Amino acid sequence: MIEAQSWKGLKSIIMLTSTREIGEKISAENRFYISSLKMDVKKAAEAVRGHWGIENSLHWTLDVAFSDDKSRVRKDNAPENFGIVKKIAINALKLEKSVKGLSLVGKRLKAAMENQFLEKLVCQLK
């Protein structure tokens, strides 16, 4: 068991039980969160929803921009390594504002076809 004292500034420990129903099958899962903020139940629920909103948004972006759900990368550390590279690429694509009207997919395609644009994306991450 981990002691609360081992986290400097710990103010809240949150346990959330989520249930899921698929047809006749019902499953439940407990998730735990820690925070340096003192929160009531309402604030804690908002924080957890906000966290998962960001996670779901990132997953959607990865799937749209990189067809992540179709990825066949599964061996050893490759899934984690590719995931990190994809997130860096998404950040670079989002930072690039010089190309108006292009989606992340469009910017990715442009980077694949134009070395100068690709270099610009990479250099802005320095």
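Residues numbered from 1 in each chain as written. Predicted model: local features only at pLDDT ≥ 70, side-chain atom pairs only at ≥ 80, totals over all residues. Heavy atoms only, no water.

Visitor: How should the overall build of the chain be read in this particular structure?
Guide: Looking only at helices and strands, the chain has 4 helices and 2 strands in total. Listing the helices and strands of the chain from first to last along the sequence gives β-β-α-α-α-α. Here the C-alpha radius of gyration of the chain, 20 Å, is well above what a compact globule of 126 residues would show, namely 14 Å. Projected onto its principal axes, the C-alpha coordinates of the chain cover approximately 50 × 45 × 35 Å. Evaluated residue by residue, the chain yields a buried proportion of 19% over its 126 residues. (Helix = DSSP H or I, 4+ residues; strand = E, 2+ residues; numbered from the N terminus. Rg over C-alpha atoms; globule rule 2.2 N^0.38 Å. Buried < 20%, exposed > 50% of the residue type's maximum accessible area, 1.4 Å probe, protein only.)

Visitor: Even after reading the chapter, I still don't get the pairing of strand β2 (residues 25–35), so can you show me in this structure?
Guide: Taken residue by residue, a regular strand's side chains alternate between the two faces of the sheet. Strand direction decides the pairing type here: strand β1 (residues 12–22) and β2, joined by 11 bridges, are antiparallel. Paired with Ile13 across the bridge in β2 is Ile34. Between the end of β1 and the start of β2, which pair antiparallel, lie 2 residues, with Gly23 showing a positive phi angle near 60°. (Pairing = 2+ DSSP bridges.)

Visitor: So what exactly am I meant to see when it comes to unusual backbone geometry here?
Guide: When glycine is set aside, most residues are seen to have a negative phi, and most peptide bonds are trans. The phi dihedral of Ser67 is positive, around 45°, even though this residue is not glycine. Tracing the chain through its elements places Ser67 in the loop between α1 (41–66) and α2 (78–95). You can call Ser67 partly exposed: its relative accessible area is 34%. Backbone geometry places Asp76, a non-glycine residue, at a positive phi of 50°.

Visitor: What should I look at first to understand the nonpolar core in this one?
Guide: Here is a general trend for soluble globular proteins: nonpolar side chains tend to be buried in one another's company. Membership of the largest hydrophobic core is limited to 11 residues, which are Leu62, Ala65, Phe66, Ile90, Ala92, Leu93, Val99, Leu104, Ala111, Phe117 and Leu121. Those elements that place two or more of their residues in this core are α1, α2, α3 (104–113) and α4 (115–123). The residues touching Leu104, leaving out its near neighbours within four places in the chain, are Thr61, Ala65, Ile90, Leu93 and Lys94. (Core = buried A, V, L, I, M, F, W, Y, C linked by side-chain atoms within 4.5 Å. Contact = heavy atoms within 4.5 Å.)

Visitor: Help me out: how do you make sense of the pattern of salt bridges in this one?
Guide: Between side chains of opposite charge, pairing is possible as soon as their charged atoms come close. Within this structure, the stated rule accounts for 4 salt bridges. Linking Lys120 and Glu96 is a salt bridge whose minimum nitrogen-to-oxygen distance equals 3.6 Å. Taken together, the positions of Lys120 in helix α4 and Glu96 in the loop between α2 and α3 put the pair 24 residues apart, joining distant regions of the chain. A relative accessible area of 3% means that Glu96 is categorised as buried. Between Glu114 and Lys110 there is a salt bridge; the shortest N-O distance is 3.0 Å. Using a relative accessible area of 36% as the deciding quantity, one classes Glu114 as partly exposed. Note on Lys110: relative accessible area 22%, which makes it partly exposed. (Salt bridge = Lys/Arg side-chain N within 4 Å of Asp/Glu carboxyl O.)

Visitor: Whenever I open this one, α3 confuses me. Can you help?
Guide: Since the α-helix packs 3.6 residues into each turn, any two residues three or four apart lie on the same face. By the burial criterion, the buried members of α3 are Leu104, Gly106, Lys107 and Ala111. The arc that holds the buried residues of α3, viewed along the axis, is 160°, so those residues lie on one side. Away from its buried face by more than 90 degrees, α3 exposes Leu109, Ala112 and Met113. Of the surrounding elements, those touching the buried residues of α3 are α1, α2 and α4. (Arc of directions from axis to C-beta.)

Remember, this is a structural readout, not a statement about activity or role.
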